[in-house]
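Results of the structural survey
This is what each chain is made of:
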Amino acid sequence: MSNDTVSSEMINAYLDGELDGAEQARVENHLARNPEAMETVRDYEAQAHALRQLYDPVLDEPIPDRLLDTITPVEAHDGARVSWLRRSMPLATAASVALAVGVVAGWMLRSDLYEQEAERIAMQMFLQQASSSYSLYAREDSPWRETRLEEDRDRFGEWFRERNELEIAAPELDDDGFQFIGGQALPASSGSAGQMLYRNDDNQMVAIYFQSRGDDGVLSRALERNGRTAFQKQDDLSMYHWNSESGSTRYAVLGSVDQDMLGSLAERAFDHFR
Amino acid sequence: MHSLRTRITAEIPHLRRYARALAGCPEEADDLVQGCLERALKNARKWDPDKGLRSWLFRILHNNHVSRRRSVDRELHFRRHFREPDAVAAGQEVSTELDGVRAAMAELPEEHRNALLLVAVEGFTYEEASEVLSVPVGTLRSRLSRAREALRTKTNGASAKRVERGAE
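These numbers were taken from a predicted model, which means no experiment stands behind them.

Before going further, it helps to spend a moment on the overall build of chain A. Helix and strand counts for chain A come out as 11 helices and 6 strands. For chain A, the residues scored as buried account for 43% of the 274 residues in total. Looking at chain A alone, contacts between residues at least 24 apart form 52% of all its contacts between residues at least 6 apart. For chain A, the accessible area works out to roughly 14,800 Å², and carbon and sulfur atoms hold 49% of it.

Structure (structure tokens):
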């Protein structure tokens, strides 16, 4: 009987064509006499089939330009050059005449990099403003903790709209144990900004920071390109941030709470602002 | 060099398929592939033509993935809370059965999942797959066997119920 046992790894190797003739015969022999083992093999085969159905469609997708650009030098790849130019079009307007002259290409590339750097900094500034607003008005050791707040949750939106051209309503986070303690308008380099503070029974504070995009082109583009949701953690402060669907406002939910809790709060806020 | 570029280009769809399974989100998957391509071109001289081009590329891709895993983990955690609207749209219409397989795959430990993907989907030999993952063949065997069994248990739960109901 012990001779007849075939390990599960053997069965796998059989399926994957990794056995020599003798081993293969042994497994086949085993399968012929063990319907249960045979069923396992069938299941594994069906599994492989399902996996391929699941993942194969990627094979038929056209290869994205950026990957082709990576693999093929730009000079040799006309399509790539066109799309690269299209990407830097906003910048190119001033340079469009000079474009015809090949010499300018070097300069174009450099200013595109500057642009990316500017966008990166604009994004950093958003994160910086969100976290410093939290530090100023929500941290225990701050002299400004919980000062200058509009404390009525229902009225906050109206109050804010009177001062800024932005519709905003404070969400309810009671289900996660957080109560609204107030909201405030904050200075912003462009557009309008503000935050809403919430506290739970353990005296933990979270903030919802929001900033609408103003006329600042760099920030707008930074938001556009980095529209995806993201998570950041620095020291004891965690933050989720994302763009509104229209892209006009960026939100951050931040606080010194664990990531699961913060995630749940962010999810609620996300649904609320949608 | 030129023919190497051409050969690498031919592997891109396969790299994307594996990366898509690794990363979940198409955008991030292509980031992985792009990183892999850049690395491969830079280190083209290190490629040993006796070893397959594909497993060499997959190894680069995999290492790229591992080194980015920490941020990817965060991203995954995040996505559990926020379904990206386009992710749903891009998911196309998939049968519930495939959804079940997809969900079961997501539950597997990553090491097991990757072993299964390389062998069952990409068709690598054990030798090649173990090289991609930088583990001994024995480890690969055991991961593979556990992955298949776990996947079977997870997906059979659903189909067994269907059978029961059918028998009533």
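Let's pick the thread back up.
All names here are of chain B. Mean pLDDT over chain B works out to 79, with 76% of the residues at or above the 70 mark. Of all the helices and strands in chain B, helix 5 (residues 85–90) carries the lowest mean pLDDT, 38, while helix 8 (residues 126–133) carries the highest, 94. Confidence drops under a pLDDT of 50 for residues 81–94, and excluding neighbours within four residues, the segment shows 17 contacts in the predicted structure. Note on residues 158–168: pLDDT under 50 across the span, and 1 contact to partners over four residues away in sequence or across chains.

If you walk through the whole model with that rule in mind, you get 25 salt bridges over all chains. Asp236 of chain A is paired through a salt bridge with Arg139 of chain A; the nearest N and O atoms lie 3.1 Å apart. Here Asp236 of chain A, found in the loop between strand 4 (230–234) and strand 5 (237–243), pairs with Arg139 of chain A, found in the loop between helix 8 (104–138) and helix 9 (153–163); they are 97 residues apart in sequence, far enough to count as distant. Residue class for Arg139 of chain A comes out partly exposed when judged on its relative accessible area of 21%. Between Asp154 of chain A and Arg153 of chain A there is a salt bridge; the shortest N-O distance is 4.0 Å. The exposed category is assigned to Asp154 of chain A, whose relative accessible area is 64%. The network of salt bridges with common partners includes Arg52 and Asp56 of chain A together with Arg17 and Glu122 of chain B.

Attention now goes to the nonpolar core. By size, the foremost hydrophobic cluster in this structure holds 61 residues, and its most contacted members are Leu51 of chain A together with Ile8 and Met105 of chain B. It is helix 1 (residues 2–23) of chain B that contributes the most residues to this core, 9 residues altogether. With near-sequence residues (within four places) excluded, Met105 of chain B lies in contact with Leu51 and Tyr55 of chain A together with Arg113, Leu116, Leu117 and Leu151 of chain B. With 26 residues, the next largest nonpolar core counts Leu166, Tyr198, Phe210 and Phe231 of chain A among its residues.

A word on unusual backbone geometry. If you check the backbone angles, Asn203 of chain A has positive phi at about 70 degrees while not being a glycine. Following the sequence through the fold, Asn203 of chain A ends up in the loop between strand 2 (193–199) and strand 3 (205–212). The phi torsion at Ser134 of chain B lies on the positive side, around 55 degrees, for a residue other than glycine. With respect to the helices and strands, Ser134 of chain B occurs in the loop between helix 8 and helix 9 (137–167). For Ser134 of chain B, a relative accessible area of 44% translates into the label partly exposed.

Reading the values: the criteria
Residues numbered from 1 in each chain as written. Chains lettered and ligands numbered in written order. Predicted model: local features only at pLDDT ≥ 70, side-chain atom pairs only at ≥ 80, totals over all residues. Heavy atoms only, no water. Helix = DSSP H or I, 4+ residues; strand = E, 2+ residues; numbered from the N terminus. Buried < 20%, exposed > 50% of the residue type's maximum accessible area, 1.4 Å probe, protein only. Contact = heavy atoms within 4.5 Å. Areas by Shrake-Rupley, 256 points an atom, 1.4 Å probe, with all protein chains shown as cover. pLDDT = per-residue confidence, 0-100. Salt bridge = Lys/Arg side-chain N within 4 Å of Asp/Glu carboxyl O. Core = buried A, V, L, I, M, F, W, Y, C linked by side-chain atoms within 4.5 Å.

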